[in-house]
Amino acid sequence: MLSSRYTRFVFLTIPSLVLLYFLLHTLDVLPTPLSHGKPDATLGLSELPASPLSSGSSDSSDSSNDNKPQPDPHNPTTLSITNSQPDTTKTAISGITDKVWHSAKNPSLTTEQSEWINSWLFKNPTFRHELLTDDSSLTFVRTRYGATRPDIVELYEKLPIPILRADLLRYLIVLAEGGIWSDLDVTCDTEVANWVPAEHQHAQIDMIVGLEFDLAWRGEGTEIASQFCNWVFVARPSSRNLQVVVDAVVSKLKEIATANGVGIENLTLDMLPIDVVDVTGPKIMTIALLDGLRQLLGRVVDDRDFHDTKTPKLVGDLLIMPGNAFAAAQNGYPRDQSPALVTHHYAGSWKQADAEAKERKKLQQEQG
């Protein structure tokens, strides 16, 4: 009797258990065995903060990633569990190195200069800052360009005129590592993270410049009327635009040396056929940048593309800031434009030497 009941219980229970197993498996609530030697694919470790020399974040990053837990910056071993791939490094301006560059003859700055460059630290506390002296600048150029552009290294080593070296150096620095160039007499008024308006934040910006002179187009066959300033500019590492500028400056210096029958090491300010700004400064930078855009876009680019712009305008891969951004004083503090980003205090020491050279040249022409 017991045997019969037991047999009946077994026959009724086993099918029920089998049916229950298949139902649970279908609903996917059975525990999954841990894999050995391989972490669960749904668990990831967020990347540690990357070097500020990173080229920037991916434009395709999902904005929801901002809500993910981040590693404790004071404890780099802190782990963060996420449900997707780690974010790429984010920078204040997408693709631009979070770093500000300055240069000086030596580390002994005036009180004013120290206060001016410290403004960049106060407004952008997460940025890296570097001041290159005459000696460290030479090391920088040799290290970054010795293997790829020995002609640039040779020219820089021999170039005897401080203002020409200073202009060339700023282009070489930012071309090599990216970031923001700032003269010692420039203060930061607006944090860099707010420089680029929302409509351009996901654009492939290669370089950012600001209008120093915002002038109307003069007509066919005339030289560009406007001018970008070079006391502040921004670019990606290996910037296409800056490469064009460097090549134009190097070519112009060699051309002037050849015209005067001297080597680069014997150049003087008196030999310049035109102003410093046309040889290494903002004027040649402006002309070179527009020529580079012409090559990129396959059309002429001139004042008509950005004259009287009130907000940052993207032309090709060059973001052009209105006059108020980098040169508010020069442009009369316009009130109908986007905010001033920096203040230029116009303390450049090269102007006196340039004026003296022009006066000598004028006397020579009058006497001969």
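Within an unreviewed UniProt entry, the label attached to the protein reads Alpha 1,6 mannosyltransferase, and the organism entered is Aspergillus homomorphus. For the protein, the Sequence similarities (unreviewed entry) comment in UniProt is given as "Belongs to the glycosyltransferase 32 family."

**Q** Where do I start with the packing of aromatic side chains in this structure?
**A** Each aromatic ring pair is characterised by the separation of its centres together with the angle its planes make. Summed over all chains, the structure comprises six aromatic pairs. Ring geometry for Tyr-171 versus Phe-233: centroids 5.9 Å apart, planes at 35°, classification tilted. Taken together, the residues span a long stretch of sequence, with Tyr-171 in helix 5 (residues 162–177) and Phe-233 in strand 9 (residues 232–235) at a distance of 62 residues. Its relative accessible area of 0% is what places Tyr-171 among the buried residues. Members of the aromatic cluster, joined through ring pairs, are Trp-120, Trp-195 and Phe-326. Over the aromatic face of Tyr-156 sits the side chain of Arg-165, whose NZ or CZ is 4.3 Å from the ring centroid. In this arrangement the basic side chain of Arg-304 is found over the ring face of Trp-217, its NZ or CZ atom lying 3.6 Å from the centre.

**Q** Got a minute to help me understand the pairing of strand 7 (residues 207–213) in this structure?
**A** Successive side chains on a regular strand alternate, one facing one side of the sheet and the next facing the other. Within strand 7, six of the seven residues are buried, which leaves it mostly tucked inside the rest of the structure. Pairing of strand 7 with strand 9, which is carried by two bridges, proceeds in the antiparallel orientation. Looking at the pairing, Ile-208 lines up with Val-234 of strand 9. Pairing analysis gives four bridges linking strand 7 to strand 11 (residues 318–321), with the strands arranged parallel. Note on strand 11: the bridge partner recorded for Met-207 is Leu-318. Direction of pairing for strand 7 relative to strand 8 (residues 227–228): antiparallel, over a ladder of two bridges. Within strand 8, the residue paired with Phe-213 across the bridge is Gln-227.

**Q** Hey, could you run me through unusual backbone geometry in this one?
**A** Backbone geometry follows two general trends: most residues other than glycine have a negative phi, and most peptide bonds adopt the trans configuration. Although it is not a glycine, Ser-238 adopts a positive phi angle of roughly 60°. Following the sequence through the fold, Ser-238 ends up in the loop between strand 9 and helix 6 (240–259). Judged by its relative accessible area of 60%, Ser-238 is exposed. The phi angle at Tyr-346 is positive, at roughly 50°, despite the residue not being glycine. Relative to the helices and strands, Tyr-346 resides in the loop between strand 12 (342–344) and helix 10 (350–367). Judged by relative accessible area, Tyr-346 falls into the partly exposed class, the value being 31%.

**Q** Explain the packing of helix 5 against helix 6 here, please?
**A** Helices that pack against each other are described as a pair by the angle of their axes relative to one another and the distance between those axes. It is at 9 Å that the axes of helix 5 and helix 6 come closest, and there the two elements cross at 150°. In this view, helix 5 runs roughly antiparallel relative to helix 6, as classed from their interaxial angle. With respect to the hand of their crossing, helix 5 and helix 6 are arranged in left-handed fashion. The residues of helix 6 that touch helix 5, namely those facing Leu-164, Leu-168, Tyr-171, Leu-172, Val-174 and Leu-175, are Leu-242, Gln-243, Val-245, Val-246, Val-249 and Leu-253.

**Q** For this particular structure, what's the right way to read the pattern of salt bridges?
**A** Working definition: two side chains of opposite charge can pair if their charged atoms are close together. For the coordinates displayed, the defined rule picks out 17 salt bridges. Across the pair Arg-149 and Asp-151 runs a salt bridge, and its minimum N-O distance is 3.0 Å. Owing to a relative accessible area of 25%, Asp-151 belongs among the partly exposed residues under this scheme. In this structure, the salt-bridge partner of Arg-240 is Asp-317, at a minimum N-O distance of 3.0 Å. Placement of Arg-240 in helix 6 and of Asp-317 in the loop between strand 10 (313–315) and strand 11 is noted, with a sequence separation of 77 residues between them. A relative accessible area of 26% means that Arg-240 is categorised as partly exposed.

**Q** Looking at this model, I keep getting lost on helix 6. Mind explaining?
**A** In an α-helix, one full turn covers 3.6 residues, which means residues spaced three or four apart are oriented alike. Across its 20 residues, helix 6 extends 29 Å between first and last C-alpha, which sits within 8% of the 28 Å expected from 1.5 Å per residue. Taken together, the buried positions of helix 6 are occupied by Asn-241, Leu-242, Val-245, Val-246, Val-249, Val-250, Lys-252, Leu-253, Ile-256 and Ala-257. Down the axis of helix 6, the buried side of the element spans an arc of 165°, and every buried residue falls inside it. More than 90 degrees from the buried face of helix 6, the exposed residues found are Thr-258 and Ala-259. Between the side-chain oxygen at the start of helix 6 and the backbone nitrogen of Asn-241 there is a gap of 3.2 Å, and the oxygen is on Ser-239. The first or second residue beyond helix 6 is Gly-261, which carries a positive phi of 65°.

**Q** Explain the nonpolar core here, please?
**A** Soluble globular proteins tend to pack their nonpolar side chains together in the buried interior. Ranked by size, the top nonpolar core spans 53 residues in total, and within it Val-209, Phe-228, Leu-242 and Leu-253 carry the most contacts. It is helix 5 that contributes the most residues to this core, nine residues altogether. Sequence-distant contacts of Leu-242, defined by excluding residues within four places in its chain, comprise Tyr-171, Val-174, Leu-175, Met-207, Phe-233 and Ala-235. Core analysis: the second largest hydrophobic core is formed by 25 residues, Val-100, Cys-229, Trp-231 and Val-234 among them.

Conventions adopted
Residues numbered from 1 in each chain as written. Predicted model: local features only at pLDDT ≥ 70, side-chain atom pairs only at ≥ 80, totals over all residues. Heavy atoms only, no water. UniProt positions renumbered as here; feature names shortened; annotations may be inferred. Phe/Tyr/Trp six-rings, centres within 6.5 Å; stacked < 30°, edge-to-face > 60°. Helix = DSSP H or I, 4+ residues; strand = E, 2+ residues; numbered from the N terminus. Buried < 20%, exposed > 50% of the residue type's maximum accessible area, 1.4 Å probe, protein only. Lys NZ or Arg CZ within 6 Å of the ring centre and 35° of its normal. Pairing = 2+ DSSP bridges. Axes fitted to C-alpha atoms, helices over the stretch in contact; angles between N-to-C directions. Parallel < 35°, antiparallel > 145°, perpendicular 65-115°, else oblique. Left-handed = near helix turned anticlockwise from the far one by under 90°. Contact = heavy atoms within 4.5 Å. Salt bridge = Lys/Arg side-chain N within 4 Å of Asp/Glu carboxyl O. Expected span 1.5 Å × (residues − 1). Arc of directions from axis to C-beta. Polar contact = N/O pair within 3.5 Å; in protein donor to acceptor, adjacent residues only side chain to side chain. Core = buried A, V, L, I, M, F, W, Y, C linked by side-chain atoms within 4.5 Å.

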